[in-house]
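Survey of secondary and tertiary structure
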Amino acid sequence: MRQYDIAYVALRGAITDAREGGDPLATGSGGGCMYWLLVRRGQLEEAERMAAQSMDAVELKIAGAEPDRYAV
């Protein structure tokens, strides 16, 4: 439906809730959707910045992780 502004607000809230709830899988999944949305909106630099920050937070913890974490 291309309602990108509404999607942005919903994703931002979902990511915040997942972080506060301590759910890294939901946080990562929401992040992936957010990056796609930012690309669709033409905000390529913001998408790249957010993706890099997320990877920096996850990368150190990935060794020996469960398969779900590798997928996210």
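Residues numbered from 1 in each chain as written. Predicted model: local features only at pLDDT ≥ 70, side-chain atom pairs only at ≥ 80, totals over all residues. Heavy atoms only, no water.

A closer look at the pattern of salt bridges
Summed over the entire model, instances satisfying the criterion amount to 2 salt bridges. The closest approach of N and O atoms between E46 and R49, which form a salt bridge, is 2.6 Å. With E46 and R49 both in helix α3 (residues 44-59), this residue pair falls 3 residues apart, about one helical turn. You can call E46 partly exposed: its relative accessible area is 28%. (Salt bridge = Lys/Arg side-chain N within 4 Å of Asp/Glu carboxyl O. Helix = DSSP H or I, 4+ residues; strand = E, 2+ residues; numbered from the N terminus. Buried < 20%, exposed > 50% of the residue type's maximum accessible area, 1.4 Å probe, protein only.)

Section: helix α2 (residues 24-40)
Taking 1.5 Å per residue as the helical rise, α2 with its 17 residues ought to reach 24 Å, and the 24 Å between its terminal C-alpha atoms agrees with that figure. Buried within α2 we find T27, G30, G31, M34, Y35, L37 and L38. Buried residues of α2, viewed axially, fall in a sector of 160°; they line one side. Two or three places before L25, at the start of α2, stands the capping residue D23, its side-chain oxygen 3.2 Å from that residue's backbone nitrogen. Looking one or two residues past α2, G42 carries a phi angle of roughly 85°, positive in sign. (Expected span 1.5 Å × (residues − 1). Arc of directions from axis to C-beta. Polar contact = N/O pair within 3.5 Å; in protein donor to acceptor, adjacent residues only side chain to side chain.)

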